[in-house]
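Structural overview for review
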Amino acid sequence: MMAWYQGPQARRFAVALVVVVALLGVLPVIGIDAYIHNQLTLLFITIAGALAWNWMGGFVGQISFGHAAMFGIGAFVSARLMLSLHLPVPLCWLGGAVVAGVFALGAHPLLRLRGPYFSIATIGLGEASRLVFTFWEKFTGGSSGLSLPIDSIMKYQLYWYALILVGLVAITSVAIRKSSLGLKLLAIKADADAAADVGISATFYQDLIFVLSGAVMGLTGGMYASYQSFIEPNDMFGFDRAISFVLIAVIGGVGVSLGPVLGAVVFVLVKIYLLTSHPDLYLGLYGLLLILVVLFEPLGLTGLYRRIARLVGPKRPAVGQAK
Amino acid sequence: MTRLLTRNLTKRFGGLCAVDSVNLTLREGEILGLIGPNGAGKTTLFSMIAGSIQPTAGEILLDGHQVTGLPAHRCVRAGIVRTHQIVRPFGNLTVLENVVVAAIHAHRPGAGHARDRAGEALEMVGLGNKLDHYPSTLTLAGRKRLELARALATGPRVLLLDEVVAGVNPTEAVAFAALIRRIRDERGISVVMTEHVMPAIMSLSDRVFVVDRGKQIAEGTPQEVVANPAVVAAYLGTEAAAEAAS
Amino acid sequence: MARLLDMVVSAVLLAGLYATMAYGLGLIYGVLRVVNLAHGGVIMVGAYLGWCLYVGFGIDPYLSIPLVAVASFAIGVAMYQGLVRRLPRGAAGGPASLLLLFGVWLVLRNIAYLLFKGDDRSIRTEYSSQSLTLLGTHISINRLAVVGIAILIAVGMHLLLKRTQTGRAIRAVAQNADSCTVVGINTNRIYTLTFGIGSALAGVAGVLLATLFSFSPGTTGSPELLKSFVVVVLAGLGSVGGVAVSALIVATVEVFAILVLPSYLTTAVGFVLLMVVLVLRPGGLFGTRVLS
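First, a word on what this report is: a plain description of the structure on this page.

What counts, and where the lines are drawn
Residues numbered from 1 in each chain as written. Chains lettered and ligands numbered in written order. Predicted model: local features only at pLDDT ≥ 70, side-chain atom pairs only at ≥ 80, totals over all residues. Helix = DSSP H or I, 4+ residues; strand = E, 2+ residues; numbered from the N terminus. Rg over C-alpha atoms; globule rule 2.2 N^0.38 Å. Buried ≥ 20, exposed ≤ 12 C-beta atoms within 10 Å, placed from the backbone. Contact = placed C-beta atoms within 7 Å. Nonpolar A, V, L, I, M, F, W, Y, C, P; charged D, E, K, R; others polar. Pairing = 2+ DSSP bridges. Axes fitted to C-alpha atoms, helices over the stretch in contact; angles between N-to-C directions.

With that settled, the discussion passes to the overall build of chain A. The number of helices and strands found in chain A is 15 helices and 2 strands. By the compact-globule yardstick of 20 Å for 323 residues, chain A fits well, its C-alpha radius of gyration being 20 Å. Its C-alpha atoms put chain A at 55 × 50 × 40 Å along the principal axes. For chain A, the proportion of its 323 residues judged to be buried stands at 53%. The contacts of chain A with a sequence gap of at least 6 include a subset with a gap of at least 24, amounting to 78%.

Let's shift gears to the interface of chain C and chain A. Across the boundary between the two partners, chain C contributes 34 residues, which contact 33 residues of chain A. Elements supplying a minimum of two residues to the side of chain C that touches chain A: helix H4 (95–116), helix H9 (222–235) and helix H11 (266–280) of chain C. Considering every element that reaches the side of chain C that touches chain A, the biggest residue donor is H4(C), with 16 residues. Residues of the side of chain C that touches chain A, tallied by class, amount to 26 nonpolar, 6 polar and 2 charged.

The next thing to look at is the sheet that holds strand E11 (residues 215–220) of chain B. The strands that make up a sheet are held in pairs by hydrogen bonds between backbone atoms, and each pair lies either parallel or antiparallel. Residue and element names in this part refer to chain B. Pairing in this open sheet of 6 strands is mixed, and the strands run E7-E8-E9-E4-E10-E11 from one edge to the other. Each edge of the sheet is formed by a strand with only one pairing partner; in this case those strands are strand E7 (80–82) and E11. Across the sheet, the axes of successive neighbouring strands diverge by a mean angle of 20°, strand direction being ignored. With respect to the sheet, helix H1 (residues 42–50) is in contact with strand E4 (31–35), E7, strand E8 (158–162), strand E9 (190–194) and strand E10 (207–212), its orientation differing from that of E8 by roughly 150°. Packed on one face of the sheet, helix H6 (residues 170–187) meets E4, E8 and E9 and runs near 155° to E9.

A separate point is unusual backbone geometry. All names here are of chain B. Of note, the phi angle at Asn8 is positive, near 50°, even though the residue is not glycine. Along the chain, Asn8 turns up in strand E1 (residues 2–13). The phi angle at Glu163 is positive, at roughly 50°, despite the residue not being glycine. Relative to the helices and strands, Glu163 is located in the loop between E8 and H6.

Next up on the list: the interface of chain B and chain A. On the chain A side, the residues contacting the 27 residues of chain B number 23 residues. Sorting the residues of the side of chain B that touches chain A by element identifies helix H2 (72–78) and helix H3 (95–103) of chain B as the ones contributing at least two each. Its residues placed into classes, the side of chain B that touches chain A shows 11 nonpolar, 9 polar and 7 charged.

With that settled, consider the pairing of E4(B). All names here are of chain B. Counting buried positions over the 5 residues of E4 gives 5, a clear majority of the element. On E4, burial covers both faces: Ile31, Gly33 and Ile35 on one face and Leu32 and Leu34 on the other are all buried. Pairing geometry for E4 and E9, over 4 bridges, is parallel. Counted as the bridge partner of Leu32 is Val192 from E9.

The structure is reproduced here in structure tokens:
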């Protein structure tokens, strides 16, 4: 067994990543529409968040409906750092990430729960956060929210910050998945008790991934806040926000390293389309997509892609089916 | 040399006393058979030693060190590993991956790469040709071997086998018995095994430990234990014991 | 002292609603081991159904309960036969069932949005603002009715599960589904029935909710699901009788929390309670392995 960064697959991924990032990095210099520039920025941020969610939902198998809590915390902490301490913007994002990570650590008791218990507890986490932060007006501005001092240069440069973020998060995703850590996570996902019986502490690794996932979520939240220039607790901690990450990852392919990428692209595209033509259908559409994915293609779009690839390409060496 | 020892090990579930002050001794390099009627508390005893459940009272010592109450994953690091009565392979990993993930946390670091340790363990149990298979494609015997390989890959000093032979056909059972003996001989691992299949456990064990309704009732060589009237009584009732004695 | 009595009475009355909400969730979970994430959605549907029947046909909400129950039952059966049944074996409780039912919830919400927009609504009858004076406190007629109906439901459930053939079959399947097929119980039929009854209970809870509080697609669903879950978890798997007691505990905690917190934070209280219960006693207060 090779280390995650060795082997032909890893090389292919590295090449692809470099090419894609380079292309995307150069795009604005060549000249693109301001609207597309902004939408791409948003897309990068969304992908990063979805990838981070997938570490918990896909790799460990614990579906969290409450990641918006960390997203929101990252956003508001970074906004406060900007407004009250006037720190440089990237530092504010990191501050948001750190606090979100600590919050995730504090949610440790939740991690002792399994399956549906965990998921429902995270719904509670999200809702409670929303209520508490809306109530905490001094910090979040209550329903009036906070406005951030982001000038247009910063907003323009956000594109590259977000691109770097998503690149790093993508590498981290693959690194986790293909390394021994990923193997341990899969074992925990399959059977946490049996994993303990071979020496793997489910609590420790779940804590680790939850904190990592939470911190990155906080970072995404901070960047998103800068992107929007205005944030408000009901939106940031809201139910819709929380489920968007779930939807993206599931539709793109839960558990697969780059499934969320596909999902995010589709999600943002569909959202743009729906917002213009049928704005009141998007909840139902996503619900329908969830149902379809669960019943027919558990690996979402990635699964579809693989099926097509299998029909077209060479056979895979593994025998039997992974459960 | 005593490898593993329990002192007054007790487990109470509410009003029920599943294990009552058991003093079990496992010597270095021996195969200890743990027998008793259904519900005697064998699996509970295993679970306590392996860390899956917490004892209510008593101590467990490994090579003289306290391991009482350590959670399962810490017990494995210390060198105690168990297999399960109903096998629990990781269905989403291949056979090789199942064992590698166990080898990563091996008790003896530096004794070779995890993959090599996993390969060795799988060769030993006879699954060397199925590395890329998924557990669902294996027979029950195959999955039991996988469970065994996974346990071996953790580099244990003490191996607890929970009804490893149950449910496989007689030919397989003989092969398993030979395997267990090899494990003890070649790797110096001390084994505690529980079984309902009497011939297997009697021929394999150096010593036998008998429990009934949570209490230990006999200890000794297989021959000694079989002749012990208390043991006969536990399994067959007091009348049968009286008959055997007369 | 009068204040205390007020609060105790409030708690009891609220508990009636919570118990009714929780029964549906608990039954489905006890028998199918599936956590019905669409539960809040069905409650919402029940609320709207009751509202429609009242506004459209002038049917008193409490009288419309049988109708709503039947409609919700049908929805539950459809959900099971059309969707839940198609889940792969052994997926009960796993992420697949969670996501599937979550998707259903989203669809239900959207339908509600489309039909009724996002406005707050509630069922206000001529007697809604009236109250009786009992034991020195004022009790609104609505709350009294809710408690009365909750008691009827509790008794009905008990009779169903303990005294009927079907009820015994349901309990048997809850204990060990595989053995049941061996003795000739049609587990598919039992599952369908359970899902239907569970949904019917949720729908009825929705009507009751609508007579007490305002509801809308945006706000209704999550808090109800959470509270139902807290009650079910606190009661423990398999205990239908325990649901009444734990509903009382949850309601009491909430009512007394209002002394210290603004009212809209009470959902947060529910969440904290849930956390505490899950960490300290995941088996619940009355947990048994058998549905009793």
